[in-house]
Amino acid sequence: MNRIIKEKLGGIREDLAKFSRQISDFNLTRENIARFSDIIMLKMRELGLEKTVKDKTGNLIGLIRGKRSKDALVIISHMDIPGKEQTANTPITGSNIIKFKTGIISSLYCAGLLKRALTPLESDLIVCCVPRTETSDYSVRYLFESFFKNKIKNIKGVVLCEPTNFDLNLGHKGRMEYEIVVKGKLDSAFLGNKGINMLGAMFPLVHELENVSKTLPSDYALGSSSLRIKDMRYAGYEPFQNVNEFSVIVDRVFIPEETEQYILNKAKTIAKNIYKGQENVSVSTCLAKEKIKTDAGLEIVSEKEFKPWLMDANNLFVADSLEVLKECGFAVNCSYWKNIVTEGSYTCGELRIPTIGFGAGKEEDINPKAESMNAEEIVKAIYGLSAIVERNIGMPAFGWSADEI
C-alpha cells in the first residue's frame, strides 16, 4: 500500500498546488468566513469525501467509509476566527494567531489520496475542520456533543493537523482568561496612603500579579507557566461614591499541576490581601466568557479556556503511529507544543480519546501569509498522515497487487 500511496500522491500534485494557492490567497475575515467554508466543503466533495456536513457552529465534516463505524479515526484541522476586537473586514493576523491553512489542506488531501488509492479501511475516517477563537473551543465541543453524540466510544483516536515540524506531539499547557473584579467603596485613607485616585486603584493589584508571574511553576515536558495582563476596565471614577468597580483581565498559561480553581483562588487571595481593611469592598474572580453567534444563528456562551493535556507515549495508538512514520522515513520523535493550544484539550483532556498531533511547519511559524506556505512540506504532511491512517485503520493487504486493489 505504501508504494501505491506514493504513486497516487504524484498524481494529485497539480490539483493540490492549485487549491493551496486558492486557500493561501484567501484573506479570511469575520465577514467572509462562510465563503471560506464553502470552498473547503466543495473541495471535500471533489476529493470524494462522503456525507459532507456543515453544522450550526460552522464545523465542516466529511468521511471516507470503512468496513465498520467502530474504531473510527478522526482528523481535525481548524480555522482561526478573528475576535470581537477586530472589525469585520480585518484580516486574521497577530502574534497569537497560528498559521492553520496547511493543516486544512493536508487533512483534506490525505482523505482524498486514500480514496483515490482505493485504500481498504477497517473503519471510518472522519475529517473535520472546526472554527476556533483565540481562547474558546466552542465548536469542537459542539461537534462531539452533536455529530459524535453516543459515538465517542467508537473512536479509536484523533489526529490534530497542527504544526509539529513532523514530530508526533502529545500535549500542551492549558490557557485560560479570567477576571479579578474589585467592587465597592474604597475609603479616602486607602487612596491617600497610596497616593492614588480611583483610576489608579488597580495598579497595586497589577504590580503584585506581575511579581507573581516571575515565580510560576514549570513542567519538564511542557515548559513554563505564564501570566499576562490583557486588559483593565473601569466602572465609576469618583473615589467617594458608594459603588466603584474595576476589573483586571488576565491571560494565564498553566501546566497540569495547576488547576483552574487553584489559579482563581490564588488570584482572589492576592486581591483580598491588597485591599484588606476595606470593609465595603468585595473581591471576586471568575473565568471570562465569550458570547458567540454563528452564521447559522446559534448563540453560544463559551468559557475562555483550553485545558492542559498529556498523552501517554506508551499508548498503542501513539506507538503504532510513531512506528509507521519511522518506517516511512520520517526522523520523528515524541514532542509537545510549547506555545499553542489545540482541540486536544477537549478530545484528550476531557473526553479521554487517544490524541496525537502531526503536521508541517513549526509552531513558531505564526505568519499566516501565503508566501510562508511550503508546497513540499504539505506533500510530506499528506504522506505522513496517510501512513498514520493506513497503519491504524487500514485493512491488511499482504500479497495484493495494484491491479487487484
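Use the structure listed above.
Residues numbered from 1 in each chain as written. Predicted model: local features only at pLDDT ≥ 70, side-chain atom pairs only at ≥ 80, totals over all residues. Heavy atoms only, no water.

S.K.: How should I be thinking about the environment of Leu351 in this particular structure?
M.R.: Tracing the sequence through the fold places Leu351 in the loop between helix H10 (344–347) and strand S19 (355–357). Leu351 sits 210 residues away from Arg141 along the chain, and the two C-alpha atoms are 10.0 Å apart. What Leu351 contacts, discounting residues up to four positions off in sequence, is Phe144, Ile152 and Tyr346. (Helix = DSSP H or I, 4+ residues; strand = E, 2+ residues; numbered from the N terminus. Contact = heavy atoms within 4.5 Å.)

S.K.: Explanation requested: the packing of aromatic side chains in the structure shown.
M.R.: Note on aromatic pairs: each is described by the distance of the centres and the angle between the planes. Across all of its chains, the model carries 11 aromatic pairs by this definition. Ring plane angle 45° and centroid distance 5.9 Å describe the contact between Phe19 and Tyr109, whose orientation is recorded as tilted. Remark: Tyr109 occurs in helix H4 (residues 101–116) and Phe19 occurs in helix H2 (residues 13–25); sequence separation between them is 90 residues. For the pair Phe19 and Tyr109, one class covers both residues: buried. Judged by centre distance (5.8 Å) and plane angle (55°), the rings of Phe166 and Phe358 are tilted. In this pair, Phe166 sits in the loop between strand S5 (155–160) and strand S6 (168–169) while Phe358 sits in the loop between S19 and helix H11 (375–393), placing the two residues 192 residues apart along the sequence. Grouping residues by exposure puts Phe166 and Phe358 together as buried. Feature note: the residues Phe144, Phe147, Phe148 and Tyr346 constitute an aromatic cluster, connected by ring pairs. The ring of Phe147 is capped by Lys151, whose NZ or CZ atom sits 5.7 Å from the centre of that ring. (Phe/Tyr/Trp six-rings, centres within 6.5 Å; stacked < 30°, edge-to-face > 60°. Buried < 20%, exposed > 50% of the residue type's maximum accessible area, 1.4 Å probe, protein only. Lys NZ or Arg CZ within 6 Å of the ring centre and 35° of its normal.)

S.K.: When you look at the nonpolar core in this model, what are you seeing that I'm missing?
M.R.: In summary, soluble globular proteins display a tendency toward joint burial of nonpolar side chains. Within the largest apolar cluster, 89 residues are counted, with the highest numbers of intra-cluster contacts made by Phe36 and Leu125. Top element by residues in this core is H11. It accounts for 10 residues. Residue contacts for Leu125: discarding those within four places in its chain leaves Gly62, Leu63, Ile64, Leu73, Ile75, Ala111, Leu114, Val389 and Ile393. One finds Ile180, Ile274, Val281 and Leu287 within the second-largest nonpolar core, a separate group that totals 25 residues. (Core = buried A, V, L, I, M, F, W, Y, C linked by side-chain atoms within 4.5 Å.)

S.K.: Looking at this model, I keep getting lost on the pattern of salt bridges. Mind explaining?
M.R.: Proximity of charged atoms lets side chains of opposite charge pair with each other. Counted according to the given criterion, the structure contains 19 salt bridges. Arg65 is the partner of Glu50 in a salt bridge, and the nearest nitrogen-oxygen pair spans 3.3 Å. Of the two residues, Glu50 is situated in strand S1 (residues 50–54) and Arg65 in the loop between strand S2 (60–64) and strand S3 (68–80); the sequence distance between them amounts to 15 residues. Residue classification places Arg65 among the partly exposed residues on the basis of a relative accessible area of 48%. The shortest N-O distance in the salt bridge between Glu343 and Arg132 comes to 3.0 Å. (Salt bridge = Lys/Arg side-chain N within 4 Å of Asp/Glu carboxyl O.)

S.K.: So what exactly am I meant to see when it comes to helix H8 (residues 260–274) here?
M.R.: In an α-helix, one turn spans 3.6 residues; hence positions three or four apart end up facing the same way. End to end, H8 covers 22 Å across 15 residues, agreeing with the expected 21 Å (1.5 Å per residue, within 8%). What H8 keeps buried is the set Ile263, Leu264, Ala267, Ile270, Ala271 and Ile274. All buried residues of H8 lie within an arc of 125° about the axis, which places them on one face of the element. (Expected span 1.5 Å × (residues − 1). Arc of directions from axis to C-beta.)

S.K.: Sorry if this is basic, but what is going on with unusual backbone geometry here?
M.R.: Peptide bonds are mostly trans, and most non-glycine residues show a negative phi. Here the phi dihedral of Leu118 falls at roughly 55°; this positive angle occurs in a residue that is not glycine. Position of Leu118 relative to the elements: it lies in the loop between H4 and strand S4 (123–132). With a phi angle near 65°, Phe166 is a residue other than glycine that sits in the positive phi range. Its relative accessible area of 6% is what places Phe166 among the buried residues.

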